Amino acid sequence: IQKRWRGYYVRKYIHNYYALKKYLEAISVNNEIVRNELQEYAEMKENEDKRKDLEKKEKEKKYQARKMHYLLSTEQIAGIYNSPFRKSPDPMELLLRKSKPLSHRRQQIKSPFAYELHDWPTCRRPPTFSTAQLLPPIGRQKPQGPFRDTAEVLRQRYKPLEPTLRVAASINSPLEKAREEMKKEEWRNRIHDNEFLPFSLYHKNEKYDPSIHRSGKYAQETYGIKHFREVQPKKWVTDK
């Protein structure tokens, strides 16, 4: 009984022949539909590529016709595409008649100093500074690993400067700053610019003016400079 019941259960619910056959038929129909759609898409793509190639060739042919417009026939001389031995002119001849000659543009040679001479800021054209705001950071996925949040890293990177007391304080001491202020105040409030010199320095380079009551001049003695012994010729015994 168990064997027959197991066979019945397997054939009906696990390996159902009719359900499997129906499933395979549905798959074959679906495959046929997909093949037809792919075939239509391939044909459409091929036709589009052909159309683009034809447009490219036509554009190239028109460009060549404009470039070789000098080969057009005149009333006196026939061109190379309009041979008198042909019954009708070449299609290129007809295309040359329809197209316009290609204009030759002169290439402007930019001087290496053009930017330096013409783009300098003047009084009428002040320098322009970029006022565009910075773009927000790109929203990327958080990388795997023990990394901090992107917003926290950006906040730490662009936080305002908070200098320490040593950096914020002035290099000069308050005493030196006060002395400097006093010198500036004295220079600003003085009446004349004559520099004050002490008496010893002021009279150093002046010559001595002799008095009227004295016949001799005040000068440095020569003893010890020109000679080292006093000479008295009157006390000499001989005339040596």
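Remember, predicted model here, so these are calculated numbers, not experimental data.

Parameters at a glance
- Residues numbered from 1 in each chain as written.
- Predicted model: local features only at pLDDT ≥ 70, side-chain atom pairs only at ≥ 80, totals over all residues.
- Heavy atoms only, no water.
- pLDDT = per-residue confidence, 0-100.
- Helix = DSSP H or I, 4+ residues; strand = E, 2+ residues; numbered from the N terminus.
- Expected span 1.5 Å × (residues − 1).
- Polar contact = N/O pair within 3.5 Å; in protein donor to acceptor, adjacent residues only side chain to side chain.
- Buried < 20%, exposed > 50% of the residue type's maximum accessible area, 1.4 Å probe, protein only.
- Contact = heavy atoms within 4.5 Å.
- Axes fitted to C-alpha atoms, helices over the stretch in contact; angles between N-to-C directions.
- Parallel < 35°, antiparallel > 145°, perpendicular 65-115°, else oblique.
- Nonpolar A, V, L, I, M, F, W, Y, C, P; charged D, E, K, R; others polar.

Section: the confidence of the model for the protein chain
Then comes step 1: Residues at a pLDDT of 70 or more form 68% of the protein chain, whose mean pLDDT is 77.
Then comes step 2: The secondary structure element of the protein chain with the lowest average pLDDT is helix H4 (residues 114-118), at 50, and the one with the highest is helix H2 (residues 17-67), at 92.

Looking at H2
Then comes step 1: In a regular helix each residue adds 1.5 Å, so 51 residues correspond to 75 Å; H2 covers 74 Å between its end C-alpha atoms and thus fits that length.
Then comes step 2: Among the residues of H2, the N-terminal cap falls to asparagine 16, whose side-chain oxygen and the backbone nitrogen of tyrosine 18 are separated by 3.4 Å.

With respect to helix H7 (residues 174-189)
Then comes step 1: The end-to-end C-alpha separation of H7 is 22 Å, in line with the 22 Å expected for 16 residues at 1.5 Å each.
Then comes step 2: Little of H7 is tucked away: zero of the 16 residues are buried.

Observations concerning the side chain of glutamate 93
Then comes step 1: Within the fold, glutamate 93 resides in helix H3 (residues 91-98).
Then comes step 2: Since its relative accessible area comes to 0%, glutamate 93 is described here as buried.
Then comes step 3: Here the side chain of glutamate 93 touches serine 73 through a polar contact of 3.0 Å, side chain to side chain.
Then comes step 4: Not counting chain neighbours up to four residues away, the residues in contact with glutamate 93 comprise Leu71, Leu72, Ser73, Tyr81 and Asn82.

Observations regarding the packing of H2 against H3
For any two helices packed against each other, the geometry is given by the interaxial angle and the distance between the axes.
Then comes step 1: At their nearest, the axes of H2 and H3 sit 9 Å apart, and the two run at 70° to each other. Put simply, H2 runs roughly perpendicular to H3. Touching Lys61, Lys62, Gln64 and Ala65 of H2 are Met92, Leu95 and Leu96, all from H3.
Then comes step 2: The residue makeup of the contact of H2 with H3, split by class, is four nonpolar, one polar and two charged.

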